[in-house]
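# Residue-level structure breakdown
Take a look at the letters that make up each chain.
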Amino acid sequence: MILLSAHHIKKTYGEKVLFDDLSITIDSTEKIGIIGINGTGKSSLLKILAGKETTDQGEIAASNELAIEYLPQNPIFDDDSTVIEQIFKGDSPFMKILRDYENTIEEINSHPEDSNLQHKLMLLSAEMDAIGAWQIESEAKAILQKLGISNFNQKVSQLSGGQRKKIALAGVLIRPCNLLILDEPTNHLDNNTIDYLEEILKAKRSAVLMVTHDRYFLDRVINKIAELDSGKLYKYEGNYQKFVELKAEREEIEERIREKNISSYKKELEWMKKGVEARRTKQKARQDRFYELEKRLEGHEKQSMDIALGASRLGKKIIGLYEVTKYFEQQCIIKDFTYSVVREDRIGIIGDNGIGKSTLLNLITGAVSCGSGKVELGETVKIGYYTQENKEMDLSLKVIDYIKNQAEYIKLADGSVVSAGKMLERFLFPPALQYAAIEKLSGGERRRLYLLGILMQDINVLLLDEPTNDLDIYTLQILEEYIDDFRGPVIVVSHDRYFLDRIADKIFAWEGNGKVAYYPGNYSDYYAKKLSSHLIKQDAAKQAVQSEKSYEAYKQQNTPVKIKFTYKEKVEYEKIDEEIEKIERHLKEIEDNMVLHATSFSKLQELTLKKEQVEEELNFKLQRWEYLNELAEKINDQA
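The next point concerns the overall build of the protein chain. When you go through the protein chain residue by residue, the secondary structure sums to 22 helices and 20 strands. Of all 639 residues assigned to the protein chain, the portion counted as buried reaches 48%. Across the protein chain, the fraction of contacts at a sequence separation of at least 24, relative to all contacts at a separation of at least 6, is 68%. Summing over all exposed atoms, the protein chain offers an accessible surface of approximately 32900 Å²; the carbon and sulfur share of this is 48%.

Printed below as a string of structure tokens:
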């Protein structure tokens, strides 16, 4: 059954056209994930479909049976209400009875002898029986407890930001509807909560429409992907993995069509160049075809994803943490933690919200001090720190000026130089957007700009605090590729399981009372280790396996964790011999040129400097070759 459909809708903000002539239909059996670059209008589309915003043109048609529940990115709360009152908000008779029942229970707790209240409770109980509300009430409390909220009468004003997000989520999950619209539901949730949310949404019989950047979430919950790109909506049957395959096929077809259009355009351009008099004798249809081809080719150039930036030299001593202990008030955040960071580290930090993950990053940067123990940084260390807030971002600045304040030009790893404008293009800011004020950007676009500003600095250590909360999938892919090529350690706080599987080779897990446990491998390796060591209850593991709701690691829960290459290491191992040969050839060319220019002091100086840079690069590659080959031998020995 079709619940909701939008036909030929258009939406603009000022001069910016978000989408034009967009259509979408939502069936009662569909669970749709909307993806796209930040700023393309994903949240606006959800608001329009939820009835929270109007369109500039087009038509929205809804079934008479449609009942929508909508979770915005930033829910609005009534600070004077209790948790249970917030959950049961809504104007339907169903919600009013539940709300009255809960309020009456609270009043009776304060005045147990009041006969009028007892009579009112009896009448409400009868109404609850008549509409079958008892199950909803018990489900609501069960969901809240699963989310870690047990005081149902606590005032919303007393809750943390993370707790508020959880009760907003619980509210939309429990209120009866047949279309659930969710805008970034996994933002700021810990991994356990995300796992639980996956289970609820997969079992839910209503249609689901959501915007999310969580790729594992899309894989496990969604059965259709809608990609918003340049004002158009492309639909794909299947989950995220299937979308990746189908999109590649679509782009391959589009590229063939584009090549054909370029060939036709060149022929028509020659014809158009023959002069005004000659064109007067030609068909107007042919002129129109030329202009149509020209329009099709505008703005379709693909941007390179290669953003391997040069990095400052990093000495042997990088970051050392020695028996570090930190308390906030009476709570132990970190206890007796010792670790020495090495150049190749890709560390993922995980744990429940509010447990102290960000504190470790702040200890490294010196933003907070140790209670006891010591943090030491090497003399050559230059840290780039992406925090959860856009620090020192002047909203009146133009986008291009914000980046130029970091660097007018930057040097890439291969020695070439790229301008600030070109880097912005590579980071999904087209030229037209570069001269807009930052205040005109969406929240996600600002985060992307803030990230680029950090990556353009002269850094050799990268700290990222929840980078996946507000960045779209495409920006995350660019960041992942950047981390692959970054010649320094990367330490990331994240709840994004896909991101951690993609980039991490070590996991630091907060396990309560300040204990930080170390696990080799990525997130799935960590999860498998937890299962095999019985740190996760066996019945939960068994249930997850039987329902096929787990990570790939669940399938190996009774198998010891094997040493293996990370994604980055596997790619590096396959290419490193060829890369070393290429560097050695380059070094030989430089040495030959030094012989040729032995009498030119200035040229010899230039070549000597270049030789030192190439020799440093070669030494680094040889060290990596040795490490990777030793690792390959250990992997082969396991077979």
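To continue, consider the side chain of Arg447. In this fold, Arg447 is placed in helix α16 (residues 443-455). A relative accessible area of 5% means that Arg447 is categorised as buried. In terms of polar contacts, Arg447 uses its side chain to reach the backbone carbonyl oxygen of Thr387, at 2.8 Å.

Glancing now at the pattern of salt bridges. The full count for this structure, using the stated rule, is 32 salt bridges. Notably, a salt bridge pairs Lys317 with Glu376, separated by 3.0 Å at the nearest N-O pair. Of this pair, Lys317 sits in the loop between α11 (284-297) and β10 (319-328) while Glu376 sits in strand β13 (residues 372-377), and the two are 59 residues apart along the sequence. A salt bridge links Arg624 to Glu344; its shortest N-O distance comes to 3.9 Å.

What follows covers the sheet that holds strand β6 (residues 179-183). Ordered in space as β5-β6-β7-β3-β8-β9, the 6 strands form an open sheet in which the pairing is mixed. Of all strands in the sheet, those with a lone pairing partner are β5 (68-71) and β9 (232-237), marking the two edges. Ignoring strand direction, the axes of neighbouring strands in this sheet form an average angle of 15°. With 4 bridges joining them, strand β3 (residues 31-35) and strand β7 (residues 207-211) adopt parallel strand pairing. In the sheet register, Ile32 faces β7, and the bridge partner there is Leu209. Docked against the sheet, helix α6 (residues 161-174) engages β5 and β6, running at close to 165° with respect to β5.

So, about the pairing of strand β11 (residues 331-341). The pairing of β10 with β11 spans 7 bridges and is classified as antiparallel. Each bridged residue has a counterpart across the sheet, and for Tyr327 the counterpart in β11 is Cys332. Counting the residues in the hairpin turn of β10 and β11 gives 2 residues, including Glu329, whose phi is positive at 55°.

The subject of this paragraph is α6. Given a rise of 1.5 Å per residue, 14 residues ought to cover 20 Å, and the 20 Å separating the end C-alpha atoms of α6 matches this to within 8%. The element α6 is extensively covered by neighbouring structure, given that 11 of its 14 residues are classed as buried. For α6, every residue scored as buried is listed here: Arg164, Lys165, Lys166, Ile167, Ala168, Leu169, Ala170, Gly171, Val172, Leu173 and Ile174. Against the buried residues of α6 lie β5, α2 (83-87), α5 (134-146), β6 and α7 (191-203).

This paragraph deals with the packing of α5 against α6. Working note: a packed helix pair is described by the angle between its axes plus the distance between those axes. Where α5 contacts α6, the two axes come as close as 10 Å, and the packing angle between them is 150°. Classified by the angle their axes make, α5 and α6 are roughly antiparallel. Considering how the two elements wind past one another, α5 and α6 form a crossing that is right-handed. Between α5 and α6, the residues in contact are Ile136, Glu139, Ala140, Ile143 and Leu144 and Ile167, Ala170, Leu173 and Ile174, respectively.

So, about the sheet that holds strand β12 (residues 346-350). With mixed pairing, the 6 strands of this open sheet are ordered in space as β14-β17-β18-β12-β19-β20. At either end of the open sheet lies a strand with only one pairing partner, and these are β14 (383-386) and β20 (516-520). Each strand axis lies, on average, 15° off the axis of its neighbour in the sheet, ignoring direction. With 4 bridges connecting them, β14 and strand β17 (residues 461-465) associate as parallel partners. Following the sheet pairing, Tyr386 is matched in β17 by Leu464. This element, helix α17 (residues 473-485), spans β12, β17 and β18 (490-493) of the sheet and lies at about 150° to β17.

Taken as a whole and judged by the stated rule, the model has 12 aromatic pairs. Judged by centre distance (5.0 Å) and plane angle (80°), the ring pair of Tyr236 and Phe243 falls under edge-to-face. With relative accessibility at 5%, the residue Tyr236 sits in the buried group. An aromatic cluster is present here, built from Tyr216, Tyr236, Tyr240, Phe243 and Tyr498 joined pairwise through their rings. In this structure, Arg220 is placed above the aromatic ring of Tyr216, and the distance from its NZ or CZ to the ring centre is 4.4 Å. In this arrangement the basic side chain of Arg448 is found over the ring face of Phe429, its NZ or CZ atom lying 4.7 Å from the centre.

Before going further, it helps to spend a moment on the side chain of Asp183. As for its position among the elements, Asp183 is in strand β6. Buried and without a salt bridge, Asp183 has Lys47 as its closest oppositely charged side chain, separated by 6.2 Å. Side-chain polar atoms of Asp183 contact the side chain of Ser43, separated by 2.7 Å.

To continue, consider unusual backbone geometry. With a phi angle near 45°, Glu323 is a residue other than glycine that sits in the positive phi range. Turning to its location among the elements, Glu323 is positioned in strand β10. Backbone geometry at Asp336 places phi at a positive 50°, although glycine is not the residue there. With respect to the helices and strands, the residue Asp336 is situated in strand β11. Given a relative accessible area of 54%, Asp336 falls into the exposed group.

On to the pairing of β18, then. Side-chain alternation along β18 places Val490 and Val492 on one buried face and Ile491 and Val493 on a second face that is also buried. Across 4 bridges, the pairing between β12 and β18 is parallel. Across the sheet, residue Arg346 finds its bridge partner in β18, namely Val490. Pairing geometry for β17 and β18, over 4 bridges, is parallel.

With that out of the way, let us pick up the confidence of the model for the protein chain. Taken over all residues, the pLDDT of the protein chain has a mean of 82, while the share at 70 or more is 85%. Ignoring residues within four places in sequence, the model shows residues 299-305, a span with pLDDT below 50, making 9 contacts including any to other chains. Considering only residues more than four positions removed or in separate chains, one finds that residues 535-559, a stretch of pLDDT under 50, has 34 contacts.

Next up on the list: the nonpolar core. Leu144, Ile167, Leu201, Leu449, Leu462, Leu464 and Ile483 are the most contacted members of the largest nonpolar core, which has 105 residues in total. Excluding anything up to four places from it in sequence, Leu464 contacts Leu361, Tyr386, Leu451, Leu479, Ile483, Val490, Ile491, Val492 and Val493. Formed by 26 residues, the second largest nonpolar core is a distinct cluster that contains Tyr339, Val381, Tyr385 and Val461.

Thresholds, definitions, all that
- Residues numbered from 1 in each chain as written.
- Predicted model: local features only at pLDDT ≥ 70, side-chain atom pairs only at ≥ 80, totals over all residues.
- Heavy atoms only, no water.
- Helix = DSSP H or I, 4+ residues; strand = E, 2+ residues; numbered from the N terminus.
- Buried < 20%, exposed > 50% of the residue type's maximum accessible area, 1.4 Å probe, protein only.
- Contact = heavy atoms within 4.5 Å.
- Areas by Shrake-Rupley, 256 points an atom, 1.4 Å probe, with all protein chains shown as cover.
- Polar contact = N/O pair within 3.5 Å; in protein donor to acceptor, adjacent residues only side chain to side chain.
- Salt bridge = Lys/Arg side-chain N within 4 Å of Asp/Glu carboxyl O.
- Pairing = 2+ DSSP bridges.
- Axes fitted to C-alpha atoms, helices over the stretch in contact; angles between N-to-C directions.
- Expected span 1.5 Å × (residues − 1).
- Parallel < 35°, antiparallel > 145°, perpendicular 65-115°, else oblique.
- Left-handed = near helix turned anticlockwise from the far one by under 90°.
- Phe/Tyr/Trp six-rings, centres within 6.5 Å; stacked < 30°, edge-to-face > 60°.
- Lys NZ or Arg CZ within 6 Å of the ring centre and 35° of its normal.
- Lys, Arg positive; Asp, Glu negative; His and termini not counted.
- pLDDT = per-residue confidence, 0-100.
- Core = buried A, V, L, I, M, F, W, Y, C linked by side-chain atoms within 4.5 Å.

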